[in-house]
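The primary structure of each chain is shown beneath.
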Amino acid sequence: MAGEVTPQGEGARSLHLRKLRVQWQIVTLQVLATLSLVWMYMEVVSTYVVGSIDHTQLFDTLESGLGTELPLGDWLTGGGNEGLARFYVPMGLGLGLGGAMALLAFQTPKFQQRVKLGFIIGLIAILAGRFVLGYAWQLVSDGWSAPGNNVLQLLEWPLLMMLSFIIMTFYLLPIITGTKGIWGLSRRGVAWSIGFTLLFLGVHAILTFPLIRSQLGSYGSQLTTLEIIVSEPTVFGLVTAQQFSLILIACLMMVFQESAFGVIRQLEYAYRLPESCKRDPEYVSQMDNLLNGHLRHTAIFLSLTVVATTIALGFHAVLLDWVNGITGSQWAAQVGESIELTLTYGLVISALLFLGIMALLRFIVPWQRFWGLIESSFTTRE
Amino acid sequence: MEEKPRFNRRRLALQFAFWFVLLMLLSTVVSKVINVGKDEGQSAYGDDWNDMSAFRLDINEMGIETKSLVSSPLLLADIEDPANTTFIIAGVERDTISLPQFSSDGFLTFASEDGYSPAEVNAIKEFVFAGGDVLVMDDFGYSSSIAESFGVRFKGVQLYDTVYVTELDYNFVWMCVQESPCGMDGTQLDPNTVENHSRWAISDGGAHICKVYDGRAIAKSDAGVCEQHWKDGAIQYNASYQVLLNNITGIDILPNTKTGMGATQIRSVTSAEATIDVNGDGEIWVGSEQNAETPDLWGQFNLSIEVCISQDCNFRDGGRITFIADGSALINALYDYEGYNDGDYGKADKPIPENDNRKWAMDYIVDSLVDPEATGESADVPEVAPNAMVIFDESRHIQPSIASESYNTIYFLLVYFTGEGLAMLLLFIILFITFEGVLLKKKDPEPWRHVFSIIYYGFGDANRYTYYAKSNKIKQVFLSKVRNQNGLSREEFDSLPARDLQGMISDPVLVKFVFENRNYSLEQTVAIVKRIKVWGRT
Amino acid sequence: MWTRKAAFTFTGGIALILIGMMISNHQMMILGLAFIAFIVVNSWVSGHGDVEVQRTLSADNLYKGDDLYVELLVTNRSRRKTQQLEVYDNVPHEMKLRSGLNQMRLNLKPGESARIRYVLRCPLRGHYSVGPVSLRYRNTFNLSVDEMYVDHHSDIIIFPQIRDVEEAFIRSRTAKMYTGATTLRTPGPGTEFYSLREYVPGDPFKNINWKAFARTGELMINEKCRDAVTDLYIILDSRDIARIGTVLKNPLEMGTVAAASLASFFIQRRDSVSLTIYDEKLSFLPPDTGDKQYFKILSSLAGVAPRGTMPLQAVTNSLAARFSRGSPVFIISSCEGDGTVPSAVRDLVGRGHEVTVLSPSSIDFERLVSRIPRMSYEVLKIERQNRLTSLAGFGSQVIDWMPDMDLSQALLQVRGY
């Protein structure tokens, strides 16, 4: 139908990346991603690493093995502290490093190249500078000869320094790559962070598998194993504290992933819009709606995921109560006492059963209408 | 008009046949797996006369945790403290589900043995080697695979003995847990023939803990696990057991089997006049040798055998498996005969006589689960181990409802696929293929993008280019030009004498080209075409 | 529909649970459960495409090369949010997006609207349809995707361009043909009075002669003289062979421009113009004048596509009876691949028509897309000249129209060979 068509408008706000990056929804999502990354890291570390295979222990082993002090001070590595406190300073360093890398990613290629070059030159200078000077002095004073012991010793400090840094970086890899991913809008960074965490959990799981653990001897016994099912549920009467900690690790990982990827996805969309659309108030206001929706869903759905997983894990008790109540049967008694429940098989079956029922409820309970009712009561019809 | 598709009978019949066969196959498989409703009993969680609830409650009262195992004994591998765990198999009512698995030699097999698959038998053996105790009570069931792996064999056919409860019938046989058989005095068991347990009553490493504390004056509250033997301010351990059995079989020791166990000891035997109805015809025909005329057996048979890791079967080392030739030895009717006679488990047809089933069972549990740290030197009788546990095997009991059967089958499959080597391998492959499938097949919708494209094919027939370079065609075109230029019709032109035409052309080169048939080089042709082009312009 | 991510999350969840069981690892199992819970929770709420769409175009028809302004108004008439919805207006791929974007990612509140505005350039004539509107709901976490569409179309006709040919006709050496409007003494739509006749049902009331009615008591109608001098017949060759060349420069494309321009010029002079298009069949638009006829001609020309191999002789034979005596006939054809052209032209000339053959030089159009060997090209060209010469020989005006030649310029080339 032909009619009057007005050209695209131009508002005060636009969808240019530099403006969007400071928009409160984007920043909130990024902060949320960072917080969940840190929290997840702390949960993983406190569950599996601290006091078992943490970096301070590795440093101690190295120091006693090499018979020398490592150049990094305890205040930096967290050595001498107890528990999670060992990770506070390194984690701060990791966040700083990741942030700096993200910042660098937004500089001009020339500037980036300069910084990288400066870093490499600095590294070489620290590593070999004193040695080269010392050796040169030796050549000048003693004539042509192989480097003497005192000159070679000059290499020890930089090498140990590098080793310490590499170890620290290895431990902090999820934090560094994750921070770079979130703030530097790098999908690869986020994927590396999650991949590394999953890899760690996987390797840890394999190493703590009783068959393999027994083969590892004293090293194996050092690894933390989880004995979580046997104890009484304390969190909401559904799961044990340790189970809840594992649920948190899983869900925080998802919060981190979804917020970080969500930011990247939305910014990518805005970036690809033509210039006229970036300035169009229609696109700007819809972008607001999208980001608000994203924030809301991140908060609601991921909280619900925590709740659903928690209930699912505690569902076996409810299920058995029901069965017992309804049938009072021999089966309820034997399943209630079954060793499979203790050994998680029953737990998983009933959890999946619960999730299955919840999924099927979608077809019975009109969530959509219910949801719509809530939404429409909050928003005024235009 | 298109013909309307005909009603295809052949196709319909084929489809019907396909679904029928599929349904038949499926129902056959399902009927093998799911066996509902035949409530045969011997469940520790049922309250019928033929269940074992009384025994389980007694164990609970001793402060021992009871557990059921509804899927597969493969799970025994995951028990954290096997030394303080007792696994009780009472009546193996059903066969295992035949799924492929690795045999102990590493070959691929289908579970062909009765009752338990090789992997399950292996798990039970490992459990025993790890210090666990197992009590196998069976008669005509599917426990042969597990028995044979410990060097014994259930005969699986009914045994009759002269030592039976005459007021009931010959199916109710007395088992005296002692080295030599007990005998009858008329219609009653002769008390003079009743002796003591061949291990528990001997004061050596294998002695029962209550034997260790026998005769010590102890307050009842300090009697610990020997509370049932406390009498008049002291432990008075009585090691004689008259256990009442119902419908029994015999147990053979398989000679020269390598089981890795330390000792195989007979704990109870029948009288020398016992018979076995080998062909199960309900009649006994015995002779000096077994043949078609006299197929049945006669003599003394074993009713209980204990196989231990240690030579003296002591409770500290654990690792024992005890076989009883009757799956119903501990059912409520026999175990709790008083309750049964009082009608607690339904109307009793005939009263069950007093027996030592409960006493034996409790002493067995005590022997199995007493704190292994106990040395016998403490003043008080020790308690059971703090984390003592009794596990009842419910995986081979027929379930009362389809729901419980399905639930247990899911358990079984889950345990099988996450516990058995080949199944795990299979599962890994399935997971891998699924991932590959998702990777290859699952495609996300493409992002929308407007593509401006004007695809247009405006080519002419390129084959004609070479045709138009041929001298004949060029000649034809030229002649047309000549004709047009001179305003002649086709007929007039055709009838024109050659001389006139030559005159019209007037260019000798072109005249030659028209009238002489000869080959021209490319350059010559080009020159001619140029001439034709300018021809007639003046 | 689940996305790849959801499928991976689900299979990953199941795999983690099973592997967790295998190696007795609770973290794996719980991670797997959390993955599945995430999918379950997300399946509870989905968006919808229950929106009202209204598309406004700046014009329903326009000339080739013009810009079309489009506005798509998307309104959420339901009582809940649409959630993340991608709206995409399906634009024909022959149109070029000049500014704006024909899609938007939105999340409309109940009752909210969004306007998608974009500008299209239409470089090709034709009948087009913008729409339907595709909708794609995507879960916030990209776990599920549902595609829908709103069957809302807007039709548009892109006419061939109109070239100014007035100058060419003023300066033409053969002005005889283009005499301009003189009154024909035949009844028809016009301005001058012709005669009075009785009313026939269907006659417009405005033509009733009320004075005559008052006088005679019978309804009488004023009949007018036809204004046009000429019934101009345009015959356009739309055979398959007319497609040779590039998308914008080929005999057919040039032919449509010529036909449209000629029609425009003559209709403006209030002559009657008839259009005949022949391809695999024949379509004939009887001569008429006025805006309506002009629109009809442009619409027909917009929809012309190269196909078929109908000979010109067949066209002239079947239309001979309908052609007004002595009226000029414009044949727009490359005259390629049709041996009947000379005889058809001869017949028309023989019947007293003034025939003008406007012939786009097919071989030169072909040269734009194919590498023709020089010699073959020259021979083909001579052959074409022969053909045109023979047409001129029959008394028709022949115009050899080269690809880079403007229409008015070409019309000045009219010559009898």
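Structure shown above.
The present account deals with the structure reproduced in this document. For every chain, the first residue of its written sequence is number 1, and the numbers climb from 1 along that sequence. Here chains are named by letter from A upward and ligands by number from 1 upward, in the order in which they appear as written. Per-residue local features are limited, in this predicted model, to residues with pLDDT of at least 70; the limit for side-chain atom pairs, both in listing and counting, is 80 or more; totals at the level of whole chains, interfaces and linings are taken over all residues. Each side-chain value is worked out from all heavy atoms of the structure, with water and hydrogens disregarded.

Digging into the overall build of chain B
Here is step 1 of the chain: Under the scheme used here, helices are H or I runs from DSSP no shorter than 4 residues and strands are E runs no shorter than 2 residues, and both carry numbers assigned from the N terminus. If you tally the helices and strands in chain B, you get 16 helices and 20 strands.
Here is step 2 of the chain: Expressed as lengths along the three principal axes of its C-alpha atoms, the size of chain B is roughly 160 × 60 × 45 Å.
Here is step 3 of the chain: Counting the 538 residues in chain B, one finds 49% classified as buried.
Here is step 4 of the chain: Contacts between residues were defined by any pair of non-hydrogen atoms, one from each residue, lying within 4.5 Å. Pairs at least 24 apart in sequence give 69% of the contacts found in chain B among residues at least 6 apart. For every residue, the accessible area (1.4 Å probe, protein chains only) is compared with the maximum for its type, and the residue is labelled buried under 20%, exposed over 50%, or partly exposed between those bounds.

A look at the overall build of chain C
Here is step 1 of the chain: Within chain C one finds 11 helices and 20 strands.
Here is step 2 of the chain: For 417 residues, the compact-globule formula gives about 22 Å, and the C-alpha radius of gyration of chain C, at 32 Å, lies well above that figure.
Here is step 3 of the chain: Seen through its C-alpha atoms, chain C measures out along the principal axes to roughly 105 × 80 × 35 Å.
Here is step 4 of the chain: Per-residue burial for chain C yields a buried fraction of 61% across its 417 residues.
Here is step 5 of the chain: Working convention for charge: Lys and Arg count positive, Asp and Glu count negative, and His plus the chain ends are omitted. Charge coordinates come from a single atom per side chain, which is NZ of Lys, CZ of Arg, CG of Asp or CD of Glu. Of note, chain C has its 49 positive side-chain charges centred 3 Å away from the centre of its 43 negative side-chain charges. Taken over C-alpha atoms, the radius of gyration is set against a globule rule of 2.2 Å times the number of residues to the power 0.38.

Some remarks on the interface of chain C and chain B
Here is step 1 of the chain: On the chain B side, the residues contacting the 57 residues of chain C number 47 residues.
Here is step 2 of the chain: Simply put, the buried area is the total loss of 1.4 Å probe accessible area from both parts when two parts are fitted together. Across the chain C/chain B interface, buried area totals approximately 4,600 Å², and carbon plus sulfur atoms make up 67% of it.
Here is step 3 of the chain: When residues of chain C are sorted by the area they lose upon contact with chain B, Arg4(C), Met22(C) and Met375(C) head the list and together hold 16% of the total.
Here is step 4 of the chain: For this analysis, a salt bridge means a side-chain nitrogen from Lys or Arg found within 4 Å of a carboxyl oxygen belonging to Asp or Glu. Between the two partners, chain C and chain B, sit 3 salt bridges.
Here is step 5 of the chain: In protein, a polar contact means a hydrogen-donor-capable atom and an acceptor-capable atom, both N or O and within 3.5 Å, with residues adjacent in sequence counting only if both atoms are side-chain atoms; elsewhere, any N or O pair within 3.5 Å suffices. Run the count over chain C and chain B and you get 23 residue pairs in polar contact (both at pLDDT 80 or more).
Here is step 6 of the chain: Listed by contribution, the elements that provide at least two residues to the side of chain C that touches chain B are helix 1 (4–22), strand 4 (85–89), strand 5 (96–100), strand 9 (133–138), strand 10 (145–150), helix 9 (362–369) and helix 10 (374–393) of chain C.
Here is step 7 of the chain: Tallying contributions element by element places helix 10 of chain C first for the side of chain C that touches chain B, with 11 residues.

Some remarks on unusual backbone geometry
Only a minority of non-glycine residues have a phi that is not negative, and only a minority of peptide bonds are not trans.
Here is step 1 of the chain: A cis geometry characterises the amide bond from Gly131(C) onward to Pro132(C), with omega recorded as 0°.
Here is step 2 of the chain: Along the chain, Pro132(C) falls in the loop between strand 8 (126–130) and strand 9.
Here is step 3 of the chain: The phi dihedral of Leu185(A) is positive, around 50°, even though this residue is not glycine.
Here is step 4 of the chain: Relative to the helices and strands, Leu185(A) resides in the loop between helix 8 (156–183) and helix 9 (187–207).
Here is step 5 of the chain: At Asp232(B), a position not held by glycine, the phi torsion is positive, near 55°.
Here is step 6 of the chain: Along the polypeptide, Asp232(B) turns up in the loop between strand 11 (230–231) and strand 12 (234–235).
Here is step 7 of the chain: Residue Asp232(B) is classed as exposed on the basis of its relative accessible area, which comes to 66%.

Some thoughts on the state of the cysteines
Residue and element names in this part refer to chain B.
Here is step 1 of the chain: Cysteine sulfur atoms that pair up within 2.5 Å are treated as a disulfide. With the rule as written, the count across this model stands at 3 disulfides over all chains.
Here is step 2 of the chain: Here Cys176 is linked by a disulfide to Cys182, with a sulfur-sulfur distance of 1.9 Å. Handedness of the Cys176-Cys182 disulfide follows from its S-S torsion of about 85°: it is right-handed. Each of the two residues, Cys176 as well as Cys182, counts as buried.
Here is step 3 of the chain: A sulfur-sulfur distance of 2.0 Å marks the disulfide that ties Cys210 to Cys226.

Re the sheet that holds strand 8 of chain C
Residues and elements named next belong to chain C.
Here is step 1 of the chain: Strand pairing is assigned whenever DSSP detects at least two bridges linking the two strands. Strand order in the open sheet formed by 3 strands is 2-11-8, and the pairing between neighbours is mixed. Edge positions in the open sheet fall to strand 2 (61–63) and strand 8, since each of these has one partner strand only. In this sheet, adjacent strand axes meet at a mean angle of 25° when their direction is disregarded.
Here is step 2 of the chain: Here strand 8 runs beside strand 11 (residues 154–159); their pairing, made up of 5 bridges, is antiparallel. Paired with Ser129 across the strands is Asp155, a residue of strand 11. Only the contacting stretch of a helix is used when fitting its axis, a line to C-alpha atoms as for every element, and angles between N-to-C directions run 0 to 180 degrees.

Thoughts on the packing of helix 14 (residues 498–505) of chain B against helix 15 (residues 508–515) of chain B
All names here are of chain B.
Here is step 1 of the chain: Direction vectors running N to C along helix 14 and helix 15 enclose 140°, while the axes themselves pass 8 Å from each other. With respect to helix 15, the element helix 14 is oriented oblique. The two elements helix 14 and helix 15 meet at a crossing, and its hand is right-handed. Residue-level inspection shows Ala498, Leu501, Gln502 and Ile505 of helix 14 in contact with helix 15, the latter providing Leu510, Val511, Val514 and Phe515.
Here is step 2 of the chain: Note that Gly is not counted as nonpolar here; it falls among the polar residues with everything else outside the nonpolar set of Ala, Val, Leu, Ile, Met, Phe, Trp, Tyr, Cys and Pro and the charged set of Asp, Glu, Lys and Arg. Among the residues making up the contact of helix 14 with helix 15, the classes are represented as 7 nonpolar, 1 polar and no charged. An angle below 35 degrees is treated as roughly parallel, one above 145 as roughly antiparallel, one from 65 to 115 as roughly perpendicular, and anything else as oblique. Crossing handedness is defined as follows: a turn of the near helix away from the far one that is anticlockwise and smaller than a right angle gives a left-handed crossing, while the clockwise case is right-handed.

Re the pattern of salt bridges
Here is step 1 of the chain: One pass over the structure, following the stated rule, counts 41 salt bridges over all chains.
Here is step 2 of the chain: In this structure, Glu258(A) and Lys5(C) form a salt bridge, with 2.7 Å as the shortest nitrogen-oxygen distance. Taken as a pair, Glu258(A) in helix 12 (residues 241–272) and Lys5(C) in helix 1 lie in two separate chains rather than in one.
Here is step 3 of the chain: Using a relative accessible area of 1% as the deciding quantity, one classes Glu258(A) as buried.
Here is step 4 of the chain: Across the salt bridge formed by Lys155(B) and Asp252(B), the nearest N and O atoms sit 2.7 Å from each other. Pair noted here: Lys155(B) is in the loop between strand 6 (152–154) and strand 7 (159–160) and Asp252(B) is in strand 14 (residues 251–253), with a separation of 97 residues, a long-range link.
Here is step 5 of the chain: Classification of Asp252(B) as partly exposed rests on a relative accessible area of 22%.

Let's talk about the sheet that holds strand 10 of chain C
Residue and element names in this part refer to chain C.
Here is step 1 of the chain: Taken in spatial order, the 4 strands line up as 6-4-9-10 in an open sheet, and their pairing is antiparallel. Two strands bound the open sheet, and with one partner strand each, they are strand 6 (103–106) and strand 10. Neighbour-to-neighbour, the strand axes of this sheet turn through a mean angle of 20°, independent of strand direction.
Here is step 2 of the chain: Two strands pair when backbone bridges link them, and strand 4 and strand 9 are joined in this way by 5 bridges, in the antiparallel orientation. If you follow Asp89 over to strand 9, its bridge partner there is Val133.

Some thoughts on the pairing of strand 13 (residues 242–246) of chain B
All names here are of chain B.
Here is step 1 of the chain: Judged by how many residues are buried, strand 13 sits mostly within the fold: 4 of 5 residues are covered.
Here is step 2 of the chain: As judged from the 5 bridges shared by strand 8 (residues 172–176) and strand 13, these two strands associate in the antiparallel manner. Bridging from a neighbouring strand, Trp174 pairs with Leu244 of strand 13.

Quick notes on the nonpolar core
Here is step 1 of the chain: Residues belong to one nonpolar core when they are buried, are Ala, Val, Leu, Ile, Met, Phe, Trp, Tyr or Cys, and are joined through side-chain atoms within 4.5 Å. Of all hydrophobic cores here, the largest spans 249 residues; its most connected members are Phe55(B), Ile209(B), Phe323(B), Leu330(B) and Trp360(B).
Here is step 2 of the chain: Of the residues forming this core, the biggest block, 19 residues, is contributed by helix 12 of chain A.
Here is step 3 of the chain: Apart from residues no more than four positions distant in its own chain, Leu330(B) is found in contact with Asp51(B), Met52(B), Phe55(B), Leu135(B), Met137(B), Tyr335(B), Asn357(B), Trp360(B) and Ala361(B).
Here is step 4 of the chain: The next biggest cluster of nonpolar side chains, apart from the first, holds 40 residues, and it includes Met254(C), Ile297(C), Phe365(C) and Met405(C).

A few points about the interface of chain A and chain C
Here is step 1 of the chain: Listed by partner, the interface residues are 74 residues for chain A and 64 residues for chain C.
Here is step 2 of the chain: Regarding the contact of chain A and chain C, the summed buried area is about 6,300 Å², with carbon and sulfur atoms giving 62% of it.
Here is step 3 of the chain: Viewed at the interface, chain C and chain A are joined by 1 salt bridge.
Here is step 4 of the chain: The interface formed by chain A and chain C includes 18 residue pairs in polar contact (both at pLDDT 80 or more).
Here is step 5 of the chain: Put simply, the parts of the chain that give the side of chain A that touches chain C at least two residues each are helix 9, helix 12, helix 13 (275–279), helix 14 (281–327), helix 17 (345–364) and helix 18 (367–378) of chain A.
Here is step 6 of the chain: At 17 residues, the largest contribution of residues to the side of chain A that touches chain C is made by helix 14 of chain A.
Here is step 7 of the chain: Looking at the side of chain A that touches chain C residue by residue, the class counts come to 40 nonpolar, 24 polar and 10 charged.

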